[in-house]
Amino acid sequence: MSFSGSYRGDDVEFLLTPIGLEPILDLDEKERLIQSGQRHYSEMLSPEALPSAAYLALFRAAFAANRRQMARDCLRLAALIAARRAGPVTLVSLARAGTPVGVILGHLLRRVFGRDCAHFSVSIIRDRGIDAVALRHILARGHAAASIVFVDGWTGKGVISRELRQAVAGFNAAHRVAIDGGLFVLADLAGTAACAASSEDYLIPSSILNATVSGLVSRSVLNGAIGPQDFHGCVYYEQFAAHDQSRQFADGLVADAVALAAGEGLPQARAVDAAAMAARSSAFMAQAQERHGIADINLIKPGIGEATRVLLRRAPERLILRDAGAPDVAHLRLLAAEKTIPVSIDPALPYQAVALIRSAVDG
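Residues numbered from 1 in each chain as written. Predicted model: local features only at pLDDT ≥ 70, side-chain atom pairs only at ≥ 80, totals over all residues. Heavy atoms only, no water.

1. Focus: the pairing of strand β8 (residues 183-188)
Okay, so step 1: Among the six residues in β8, six count as buried, and that is most of the element.
Okay, so step 2: Examined bridge by bridge, strand β7 (residues 148-155) and β8 share five bridges and lie parallel to one another. Within the sheet, the bridge partner assigned to Val151 lies in β8 and is Phe184.
Okay, so step 3: The handedness of the β7 to β8 crossover, carried by helix α5 (residues 159-175), is right-handed. (Buried < 20%, exposed > 50% of the residue type's maximum accessible area, 1.4 Å probe, protein only. Helix = DSSP H or I, 4+ residues; strand = E, 2+ residues; numbered from the N terminus. Pairing = 2+ DSSP bridges. Right-handed = clockwise from strand over helix to strand, strands pointing away.)

Following this line, the structure appears as C-alpha cells:
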C-alpha cells in the first residue's frame, strides 16, 4: 500500500504501511529500553501532540526569517541534482525529515529544470537499513536505478548517510543493480552527504514541527506488526488535519524558489566542501565525548535539527547553545524551559545547538 498523506497525489507517494501503535508515554522508560538494548528505537513512538500557540508562533517567525535561505538552498540542490542526473529523476526522500524537501525539489525539477520527476518517501532506520521492499517497488514501477536520488533535510553527525551507503550497497549486490547510495541534503554538517547545498547550521523551518509539516505521518516504525513483504510502518495522524501545514509550507517554498530563479537566475551547481565539514564534525564529536564523559556517540546530537528532535521526543540531559540570543534557537529555548532542561552556553561551539540525551543505563 502507498498513500500521499496530506499531500497531493502528485507531490509524493509514501511507501509506508499505516498502522495503529500506542505511544510510549514514559520517555525515561523509553530511553532505558533503547539504551539497554531491550528495544530498538524504531519499534516505539513517543506521543505526538499539536504545538502550543507560543511554539507555533516561533515556527511562523522562523519561516518568515529563513524561508528565503531555505528556498535558495532548495533551488541550489535541485540544480545539483539536475547536473548529476540525465533524463527523468526519481527522488527518494527519507521519511520523514526528507519528505518536505523532496516535495519542494520535485516541483522545482519539473517547473524550473524541465525534468520528469517522481517522488517516493521511504523508511531508513539506524542499524536496520533502508526498506528493501520499498526499493524493489520503485524499480518494479519502471524507474531506472540510475535515476534514483536519495534526499534528506540535513546531516547531524552522518549516521544516516553512512547507513544509507551501506544498505544500498547490500541491496545492489543482492539485486544486481547499481543504485547510487549517496545522500543529497540541504545542509551537511557532518561532511558525509554526497551532495549538499549548504554546510551552515541554520534553522530549516520544517525541522521545528513534526507531522503537521510532513504530510501528517509519524517517524517510520519497524516492529512485529510489519511483515516481510510490507513497507515499514508509520502512524497517520488524521486527527491533526485541521492544523496541517504540509502543503502550505511546501507551496510557499516552491513559489519563493521559482521567484528567485526568475529574478536572480539559476544558481551554480556547486556543492559544499564535504572534507572540511567531516573534519569539523570528527573533532567536535571527540571533544564532546571527552568533555561530557559520554561513551555512546548516539547520545550526542549536533545541529539545530537534531537538537530539536531530541527535545521533542527524547529524554534530554542538556541543551548547549552557541548564542542564547540567536533567533534560530528561540524554539529550543522554549522547549527547554517547558521541559526544565538545563541550558549551557558555549561560544566556541561549531554549531548553533547541540543536545545531549540522558544516559538511562548504569556504567
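2. Section: helix α6 (residues 246-264)
Okay, so step 1: Between its first and last C-alpha, α6 extends 27 Å over 19 residues, near the 27 Å set by a 1.5 Å rise per residue.
Okay, so step 2: Among the residues making up α6, those that are buried are Ser246, Phe249, Ala250, Gly252, Leu253, Val254, Asp256, Ala257, Leu260 and Ala261.
Okay, so step 3: Against the buried residues of α6 lie α2 (53-84) and α3 (98-111).
Okay, so step 4: Where α6 terminates, the next one or two residues include Gly265, which has phi positive at roughly 85°. (Expected span 1.5 Å × (residues − 1). Contact = heavy atoms within 4.5 Å.)

3. Brief notes about the packing of α3 against α6
Okay, so step 1: Interhelical geometry of α3 versus α6 gives an angle of 40° and a closest axis separation of 9 Å. Taken together, the axes of α3 and α6 are oblique relative to one another. For the crossing formed where α3 meets α6, the hand is right-handed. Here α3 contributes Pro100, Val103, Ile104, His107, Leu108 and Arg111 to the contact with α6, which in turn contributes Phe249, Ala250, Leu253, Val254, Ala257 and Val258.
Okay, so step 2: In the contact of α3 with α6, the residues fall into 10 nonpolar, one polar and one charged. (Axes fitted to C-alpha atoms, helices over the stretch in contact; angles between N-to-C directions. Parallel < 35°, antiparallel > 145°, perpendicular 65-115°, else oblique. Left-handed = near helix turned anticlockwise from the far one by under 90°. Nonpolar A, V, L, I, M, F, W, Y, C, P; charged D, E, K, R; others polar.)

4. Focus on unusual backbone geometry
Only a minority of non-glycine residues have a phi that is not negative, and only a minority of peptide bonds are not trans.
Okay, so step 1: In this model, Ala95 is joined to Arg96 through a cis peptide bond whose omega is 0°.
Okay, so step 2: Along the chain, the position of Arg96 falls in the loop between β3 (89-94) and α3.
Okay, so step 3: We note that Asp127 has phi near 75°; this positive angle belongs to a residue other than glycine.
Okay, so step 4: Note on placement: Asp127 falls in the loop between β5 (124-125) and β6 (129-130).
Okay, so step 5: Owing to a relative accessible area of 57%, Asp127 belongs among the exposed residues under this scheme.
Okay, so step 6: The phi torsion at Arg176 lies on the positive side, around 55°, for a residue other than glycine.
Okay, so step 7: Among the structural elements, Arg176 can be located in the loop between α5 and β8.

5. Structural notes on the nonpolar core
Okay, so step 1: Met70, Ile81, Leu91, Ile104 and Leu109 are the most contacted members of the largest nonpolar core, which has 82 residues in total.
Okay, so step 2: With residues up to four places along the chain from it excluded, the contact list for Leu109 reads Ala78, Ile81, Ala82, Val89, Leu91, Gly114, Arg115 and Cys117. (Core = buried A, V, L, I, M, F, W, Y, C linked by side-chain atoms within 4.5 Å.)

6. A closer look at the sheet that holds strand β4 (residues 117-122)
Okay, so step 1: Here six strands make up an open sheet; going across it, the order is β1-β4-β3-β7-β8-β9 and the pairing parallel. Looking along the sheet, the strands with just one partner apiece sit at the ends: β1 (13-14) and β9 (195-198).
Okay, so step 2: Direction of pairing for β8 relative to β9: parallel, over a ladder of three bridges. Counterpart to Val185 in the pairing with β9 is Ala196.

7. Describing the sheet that holds strand β12 (residues 316-321)
Okay, so step 1: Overall, mixed pairing links the four strands, which are arranged β11-β14-β12-β13 in an open sheet. Looking at strand neighbours, the two that pair on one side only are β11 (300-302) and β13 (343-345), the edges of this open sheet. If you compare each strand with its neighbour and ignore which way they point, the axes differ by 20° on average.
Okay, so step 2: The pairing of β12 with strand β14 (residues 353-357) spans five bridges and is antiparallel. Paired with Pro316 across the bridge in β14 is Ile357.
Okay, so step 3: Contacts from helix α7 (residues 274-292) reach β11, β12 and β14 within the one sheet, and its direction differs from that of β11 by about 140°.

8. A closer look at the pairing of β12
Okay, so step 1: For β12 and β13, the ladder comprises three bridges, and the chain directions are parallel. The residue bridging Ile320 from the neighbouring strand is Ser344, located in β13.
Okay, so step 2: Remark: the β12/helix α9 (residues 330-338)/β13 crossover connection has right-handed handedness.

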